[in-house]
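# Descriptive analysis of the structure
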Amino acid sequence: MDGGGIADAGLTDSYFSTSFIGVNGFGSPAEAKYPMMQTPNPTASEFIPKGGSTSRLSNVSQSSMSAFSQALFSHPSMGSPATAGLAPGMSLSAGSSPLHSPKITPHTSPAPRRRSHTPNPANYMVPTSASTSVANAVSQPPSSGQVIQKETVGGTTYFYTDTTPAPLTGMVFPNYHIYPPTAPHVAYMQPKANAPSFFMADELRQELINRHLITMAQIDQADIPAVPTEVDSYHSLFPLEPLPPLNRIQKTSNFGYITSCYKAVNSKDDLPYCLRRIHGFRLVNTKCMVLVDMWKKIQHSNIVTLREVFTTKAFGEHSLVFAYDFHAGGETMMSRHFNDPSADAYFTKRKWGQHDGPLPRQHAGLLPESLIWAYIVQLSSALRTIHTAGLACRVMDPSKILVTGKTRLRVNCVGIFDVLTFDNSQNNPLALMAQFQQADLMSLGKVVLALACNCVSGIQRENLQKAMELVTINYSSDLKNLILYLLTDQNRLRSVNDIMPMIGARFYTQLDAAQMRNDVIEEDLAKEVQNGRLFRLLAKLGTINERPEFQKDPTWSETGDRYLLKLFRDHLFHQVTEAGTPWIDLSHIISCLNKLDAGVPEKISLISRDEKSVLVVTYSDLKRCFENTFQELIAAANGQL
């Protein structure tokens with residue numbers, strides 16, 4: 001039982017660093033005998049023991065080659081012995097069969113599986129019920145492309161015809177979950193060659209953590225008594241903007257009223273929402289709710305959806321509150337791009353007409369044209385949806401456009417002007433919408449011009465000519481023509497569809513960028529998709545190991561099946577080298593947990609701490625002990641023992 005010589009097993013302090021690239025050999029070094037499943041791992045040295053590839057305990061691990069040497073999906077009529085190699089209770093991959101997952105209840109009827117539109121090749125050889133063995137999964141050989149399937153559920157045997165084509169012979173799949181490498185189309189678009197392969201990217205992880213932090217933020221009610229504890233059906237209010245002073249008289253230039261913004265949780269669905277409060281507004285006529293209902297029906301990826309409008313006195317005065325979807329981490333376009341006072345100073349002090357050729361954009365501090373076109377595509381798409389619904393945006397302003405992530409835009413505060421400026425004398429509330437839609441296009445042109453100048457001073461009337469000269473010098477003629485079209489009064493009613501030819505093939509650029517971003521995020525999701533399952537395994541294992549007492553038996557955790565699980569815990573985490581130093585290999589831990597969850601027939605040697613006892617068991621035996629012991633704890637917790 002002596003392990004291979006390991007001269008130096010010192011590890012760096014970056015054990016849980018996200019620079020981990022791969023799982024060398026997919027687990028313990030004893031699995032190096034499977035060359036077909038190995039991947040090169042030249043940069044994951046912090047998880048691989050230095051000076052050798054084996055430990056003194058894992059060296060005696062015995063793997064069952066039959067699970068990989070035979071075709072697992074060979075058809076029964078071929079007489080393949082592959083089906084005999086599958087132990088009862090074993091799944092072809094972790095979580096591939098609901099019967100082998102402790103969190104999924106088996107179906108009571110095979111009908112749902114027959115209607116599945118996504119055939120899974122693993123289902124051909126996995127028992128469909130606890131009483132149906134693999135060998136009986138297919139009772140008759142295929143005849144005319146059809147197979148008679150038999151399932152026994154709850155003592156009732158079901159026969160049905162499976163028209164799914166039988167898999168080809170010679171197909172070999174792993175019988176437990178193995179982490180695949182990064183998809184090549186995503187790997188080649190990664191900016192970093194040493195990007196983590198088995199963990200989510202740090203940038204995306206930090207962004208999600210910040211969003212979660214903002215979503216869960218609360219205030220100390222004693223420090224901010226002006227914020228009520230509850231408003232209508234919303235509670236846990238958190239100011240998203242600095243609260244206006246109590247004696248403030250000046251009104252905002254956007255809505256003509258003092259406003260404030262809060263994050264709150266709806267007690268009806270426990271979801272966070274953004275509440276925009278209009279101070280001192282009394283709603284005297286509910287006819288405007290017709291427009292509110294129209295806004296509530298609009299669902300668009302570049303519009304913050306309006307959910308409801310209500311009045312309240314919870315703030316000590318009459319207030320009108322608009323409830324919107326909450327997008328954590330969003331900031332306004334004004335704060336993202338127009339928060340630099342030096343940009344305005346540069347724009348106004350520049351001596352025009354004294355330049356020799358176009359100025360480089362990076363020297364002028366201007367935004368890339370590709371970013372401006374990305375914004376144009378999103379804002380025009382939002383306007384197109386709003387105008388098609390017969391409404392007008394009326395808030396196309398940098399202070400009312402949210403930016404989340406890097407380039408994602410959402411038009412915020414929609415519907416507020418429709419309520420605040422509602423004219424009761426109008427028989428048709430939509431009579432002025434055509435005029436407001438023309439104003440939307442003008443506002444869009446001002447936003448694009450401000451982005452091109454990288455300051456809001458450029459949209460002022462006295463600076464308009466200078467701003468257009470700046471656009472002409474630094475940007476393409478297409479962008480200049482689009483701005484001129486939006487800012488120039490036409491003899492006819494304009495439509496947002498008119499600017500589509502000006503955008504042209506840039507739509508395809510944005511579509512390609514969105515799909516590539518989707519590929520990257522899906523790949524990051526695939527890296528983390530198994531983490532929850534592994535955590536549940538560790539949580540269950542932790543409730544069993546080293547339990548001081550159970551049912552008044554202080555030796556419960558040291559006897560029977562629990563003793564095996566204790567030794568398995570040592571096999572996972574407490575292995576040492578010949579020199580007595582800790583042997584730490586994350587790939588070994590992940591691989592062993594995946595094999596335990598799948599219950600593979602591979603054998604391992606569990607050694608007692610005094611090294612006087614050696615127990616050779618299979619992962620299938622360990623899984624049975626694991627599930628029985630945990631069910632015993634559950635029964636005791638529910639008072640069934």
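Residues numbered from 1 in each chain as written. Predicted model: local features only at pLDDT ≥ 70, side-chain atom pairs only at ≥ 80, totals over all residues. Heavy atoms only, no water.

Right, let's talk about the pattern of salt bridges for a bit. With the rule as written, the count across this model stands at 19 salt bridges. Residue aspartate 498 is joined to arginine 492 by a salt bridge in which the shortest nitrogen-to-oxygen separation is 3.3 Å. Look at arginine 492 and you get partly exposed, because its relative accessible area is 49%. Salt bridges sharing partners connect three or more residues here, namely Glu546, Arg569, Asp570 and Arg609. (Salt bridge = Lys/Arg side-chain N within 4 Å of Asp/Glu carboxyl O. Buried < 20%, exposed > 50% of the residue type's maximum accessible area, 1.4 Å probe, protein only.)

In this section: the nonpolar core. In terms of nonpolar packing, the biggest core is built from 74 residues, with Phe322, Tyr324, Met333, Ile372 and Met396 touching the most fellow members. Excluding its chain neighbours within four sequence positions, the residues that come into contact with tyrosine 324 are Tyr273, Cys274, Arg276, Val304, Thr305, Leu306, Arg307, Asn412, Cys413, Val414 and Ile416. Core analysis: the second largest hydrophobic core is formed by 31 residues, Ile544, Leu572, Ile590 and Ile604 among them. (Core = buried A, V, L, I, M, F, W, Y, C linked by side-chain atoms within 4.5 Å. Contact = heavy atoms within 4.5 Å.)

Looking now at the confidence of the model for the protein chain. Across the protein chain, the average pLDDT comes to 77, with 70% of residues at 70 or higher. For residues 121-143, every residue scores under 50 in pLDDT, and the model assigns this stretch 57 contacts once sequence neighbours within four places are set aside. In the model, residues 351-360 has pLDDT below 50 throughout and makes 13 contacts with residues more than four positions away in sequence or in other chains. (pLDDT = per-residue confidence, 0-100.)

A word on the side chain of asparagine 545. Its location among the elements puts asparagine 545 in the loop between helix 16 (531-544) and helix 17 (560-573). What makes asparagine 545 buried here is its relative accessible area of 9%. The residues contacting asparagine 545, other than those within four sequence positions of it, are Leu565, Lys566 and Arg569. (Helix = DSSP H or I, 4+ residues; strand = E, 2+ residues; numbered from the N terminus.)

Look at helix 9 (residues 369-388) against helix 11 (residues 433-453): their axes get within 11 Å of each other, and the N-to-C directions meet at 170°. Judged by the angle between their axes, helix 9 and helix 11 are roughly antiparallel. On helix 11, the residues that touch Ile372, Tyr375, Ile376, Leu379, Leu383 and His387 of helix 9 are Gln437, Asp440, Leu441, Leu444, Val447, Val448, Leu451 and Ala452. In terms of residue class, the contact of helix 9 with helix 11 is built from 11 nonpolar, two polar and one charged. (Axes fitted to C-alpha atoms, helices over the stretch in contact; angles between N-to-C directions. Parallel < 35°, antiparallel > 145°, perpendicular 65-115°, else oblique. Nonpolar A, V, L, I, M, F, W, Y, C, P; charged D, E, K, R; others polar.)

What follows concerns unusual backbone geometry. Within the chain, serine 236 stands out as a residue other than glycine whose phi angle is a positive 55°. Inspection of the secondary structure puts serine 236 in strand 4 (residues 234-239). A relative accessible area of 27% means that serine 236 is categorised as partly exposed. Although it is not a glycine, aspartate 270 sits at a positive phi angle of roughly 60°. Structurally, the position occupied by aspartate 270 is in the loop between strand 5 (259-266) and strand 6 (272-279). A relative accessible area of 56% means that aspartate 270 is categorised as exposed.

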